[in-house]
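Okay, here's what each chain looks like letter by letter:
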Amino acid sequence: MTTDLTATPLVTLEDGVLTIPISLEGRGNSLDSDAVTQAGTALSALLAGEIDAGAILLVGLGRNFCAGGNVPGFAAAEDRSEHVRELADRLHGVVRDLERAPVPVVAAVAGWAAGAGLSLALAADFSVGGPDTRLLAAYPGIGLSPDGGMSWRLPRAIGPAAARAFILGNEPMDGARAHGIGMITTFTEGDVSTTARELAVRLAAGPRASYAATKELLRRSEERTLAQQLDAERDSIAALAVSPDGIEGVDAFVAKRSPRFGGA
């Protein structure tokens, strides 16, 4: 397995964590076009087995996670519809790859997560926020509708009625409230970026085959009947029982020691 990040200088790999910035300092940490492109390239490489990572960490390089799209760029485009369509297509490629990623995805939701930034936070398996976290739909404020999967993920996270009220009402929500209703998974009084990275590092050292199988079961659950899902769960756990990490995990439990997963 090769790991070559020369084509994606914004992306880093350390301690098994693939850190992917989605916004840069300046313009309020709006969604950065080059960052989105590099995210797509890095995620494609991960899915192709060209990057050896055990977790993905989404971050903003600045005070905010991501304040949404570059609205002045929308206004300056010669063909606004085509410009926004192209941006949405590239963003959606990243969202699809995050969904397909076999490793846990963590979002460090420091400061504002608005519009597409919130959509990306919702795309993570774990989202870490704190007292300074602020979530906002943002789209009604500029006369647009959601992208990045917000209209699909948010109703599933907090229920259809609450999702409608949040998006249409376009009022900001603080981190504590968002954690209380399930919009973010983790709330910390400490530093959000540090907490998110510590979580990502811990997950990266975990059983990768187990993570991949679990994420696949969860992905497919909505399209299956209970009987079909039970069969899939049976086949999955039986296969993992003879995998390196499955053997190590069971043997470590019996020996009353901490497992040493190899990421196989």
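Residues numbered from 1 in each chain as written. Predicted model: local features only at pLDDT ≥ 70, side-chain atom pairs only at ≥ 80, totals over all residues. Heavy atoms only, no water.

### Some details on the overall build of the protein
Point 1. For the protein, the count of helices and strands is 11 helices and nine strands.
Point 2. Scaling as 2.2 N^0.38, a compact globule of 264 residues should have a C-alpha radius of gyration of about 18 Å, and the protein matches this with 19 Å.
Point 3. Pairs at least 24 residues apart make up 70% of the contacts formed inside the protein by residues separated by at least 6 positions.
Point 4. Of the roughly 13,300 Å² that the protein leaves accessible, carbon and sulfur atoms contribute 55%.
Point 5. Mean positive and mean negative side-chain charge positions of the protein (23 and 32 charges, respectively) differ by 5 Å. (Helix = DSSP H or I, 4+ residues; strand = E, 2+ residues; numbered from the N terminus. Rg over C-alpha atoms; globule rule 2.2 N^0.38 Å. Contact = heavy atoms within 4.5 Å. Areas by Shrake-Rupley, 256 points an atom, 1.4 Å probe, with all protein chains shown as cover. Lys, Arg positive; Asp, Glu negative; His and termini not counted. Charge placed at Lys NZ, Arg CZ, Asp CG, Glu CD.)

### Considering the packing of aromatic side chains
Point 1. Under the counting rule described, the total for this entry stands at zero aromatic pairs.
Point 2. Here the basic side chain of Arg156 rests over the ring of Trp152, its NZ or CZ set 3.7 Å away from the ring centre. (Phe/Tyr/Trp six-rings, centres within 6.5 Å; stacked < 30°, edge-to-face > 60°. Lys NZ or Arg CZ within 6 Å of the ring centre and 35° of its normal.)

### A short note on unusual backbone geometry
Point 1. A positive phi angle, close to 55 degrees, is found at Asp15, a residue other than glycine.
Point 2. Structurally, Asp15 can be placed in the loop between strand E1 (12-14) and strand E2 (17-24).

### Topic: the packing of helix H3 (residues 80-100) against helix H4 (residues 116-123)
Point 1. Contact pair H3 / H4: the axes reach a minimum separation of 10 Å and the direction vectors enclose 15 degrees. On the basis of their axis angle, the class for H3 and H4 is roughly parallel. Where H3 crosses over H4, the two elements pack in a sense that is right-handed. For the pair formed by H3 and H4, the contact residues are Leu91, Val94, Val95 and Leu98 on the first element and Ala116, Leu120 and Ala123 on the second.
Point 2. Broken down by class, the residue content of the contact of H3 with H4 amounts to seven nonpolar, no polar and no charged. (Axes fitted to C-alpha atoms, helices over the stretch in contact; angles between N-to-C directions. Parallel < 35°, antiparallel > 145°, perpendicular 65-115°, else oblique. Left-handed = near helix turned anticlockwise from the far one by under 90°. Nonpolar A, V, L, I, M, F, W, Y, C, P; charged D, E, K, R; others polar.)

### Overview of the pattern of salt bridges
Point 1. This structure, assessed with the given rule, holds 13 salt bridges.
Point 2. With its nearest N and O atoms 3.4 Å apart, the salt bridge here joins Arg156 to Glu222. You can see Arg156 sitting in helix H5 (residues 150-158) and its partner Glu222 sitting in the loop between helix H9 (208-221) and helix H10 (226-240), a full 66 residues away along the chain.
Point 3. Taking relative accessible area as the criterion, Arg156 reaches 46% and is therefore assigned partly exposed.
Point 4. The class of Glu222 is exposed, set by a relative accessible area of 54%.
Point 5. Members of the salt-bridge network, linked through shared partners, are Glu216, Arg219, Arg220 and Glu223. (Salt bridge = Lys/Arg side-chain N within 4 Å of Asp/Glu carboxyl O. Buried < 20%, exposed > 50% of the residue type's maximum accessible area, 1.4 Å probe, protein only.)

### Points about the environment of Ser145
Point 1. Examined against the element boundaries, Ser145 turns out to sit in the loop between strand E7 (134-136) and H5.
Point 2. Classification of Ser145 as exposed rests on a relative accessible area of 53%.
Point 3. Put simply, Ser145 and Leu168 are 23 residues apart on the chain and 9.5 Å apart in space, counted from C-alpha to C-alpha.

### Description of the packing of helix H1 (residues 33-47) against H3
Point 1. Where H1 contacts H3, the two axes come as close as 9 Å, and the packing angle between them is 35 degrees. Seen along the crossing, H1 lies across H3 with a hand that is left-handed. Here Ser33, Val36, Thr37, Ala39, Gly40, Leu43, Ser44 and Leu47 of H1 come into contact with H3, specifically with Leu87, Arg90, Leu91, Val94, Asp97, Leu98 and Arg100.
Point 2. Its residues assigned to classes, the contact of H1 with H3 shows eight nonpolar, four polar and three charged.

### Things to note about a negative patch on the surface
Point 1. A contiguous patch of negative charge, built from Glu78, Asp79, Glu82 and Asp89, is present on the exposed surface.
Point 2. Tracing the backbone through its elements, the reader meets Glu82 in helix H3. (Patch = residues over 30% accessible without salt bridge, like charges linked within 9 Å, V, L, I, M, F, W, Y side chains within 5 Å.)

Read these as spatial facts, not as claims about activity.
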